[in-house]
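Structure at a glance
In case you want the letters, here they are:
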Amino acid sequence: MEVKLDKRYPLEVDAARAWQVLRDVKAVAGCMPGAEITEQLDATHYKGTVKVKVGPANAAFGGDIEVKQLDEAARRLQLFGKGADRGGSSASMDLTATVEPGETPASSVLVGQAAVVVNGKFAQFGGRMMTQVSDMLLAQFVDNFRAAAAALPGPEAAAPAPAPQAAREINGLAILWNLIKGWLAGLFGKRA
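The rules behind the values
Residues numbered from 1 in each chain as written. Predicted model: local features only at pLDDT ≥ 70, side-chain atom pairs only at ≥ 80, totals over all residues. Heavy atoms only, no water. Phe/Tyr/Trp six-rings, centres within 6.5 Å; stacked < 30°, edge-to-face > 60°. Helix = DSSP H or I, 4+ residues; strand = E, 2+ residues; numbered from the N terminus. Buried < 20%, exposed > 50% of the residue type's maximum accessible area, 1.4 Å probe, protein only. Pairing = 2+ DSSP bridges.

On to the packing of aromatic side chains. The description of an aromatic ring pair uses the distance of the two centres, along with the angle that the planes make with each other. The tally for this structure, following the rule as stated, stands at one aromatic pair. Ring plane angle 40° and centroid distance 5.8 Å describe the contact between Phe 141 and Phe 145, whose orientation is recorded as tilted. Linking Phe 141 with Phe 145, this pair stays in helix 3 (residues 127-150), spanning four residues, or about one helical turn. Across the pair, exposure class does not vary: Phe 141 and Phe 145 are buried alike.

If a strand is regular, its side chains alternate between the two faces of the sheet. Pairing between strand 5 (residues 76-84) and strand 6 (residues 90-101): nine bridges, direction antiparallel. Pairing of Leu 77 across the sheet is with Ala 97, part of strand 6. The antiparallel hairpin formed by strand 5 and strand 6 contains five residues in its connecting segment, where Gly 88 sits at a positive phi of about 100°. Two elements, strand 6 and strand 7 (residues 108-119), share twelve bridges in a ladder whose sense is antiparallel. By the bridge assignment, Ser 90 is partnered in strand 7 with Asn 119. Two successive antiparallel strands, strand 6 and strand 7, enclose a turn made up of six residues.

Next comes the structure, spelled out in structure tokens:
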């Protein structure tokens, strides 16, 4: 099953600091709940894990990441990642992320396009649920990304705010609860 994502997230941080985070694959992984770079093989190849916890069940996906393009002038990162768990599920993602200038010099926009292919038991969730789960994970990622970029020294020379500690596991029960709340709100004409 394939899910395509095309997202734009406004950031309250200048493009230079946002790019400083985006160009660092380890920093980007640190912003994603449950993700971790475990080894850097060379300048463009990494190994990593993503831990998922759904109730009492745990899964750990191990995989490879390749940086296909790092364009400083365009502030664009393109990477390809693939991984599998011991239960037979696998996933791959082709991602292009760009930092664009915002409406003011102190703002920017994080733009991302991704094609995610999931096989195995996780593919049984279906496209709609996968999109909803992706939206929730990306919202957590962007919150962590904003904090990491804001913590970097900027042109205003204000004291940096401490970056929040990213969750080391994806909490499946919290995701499920948010999906249920969103579904119920949709039934009654409200958006969560």
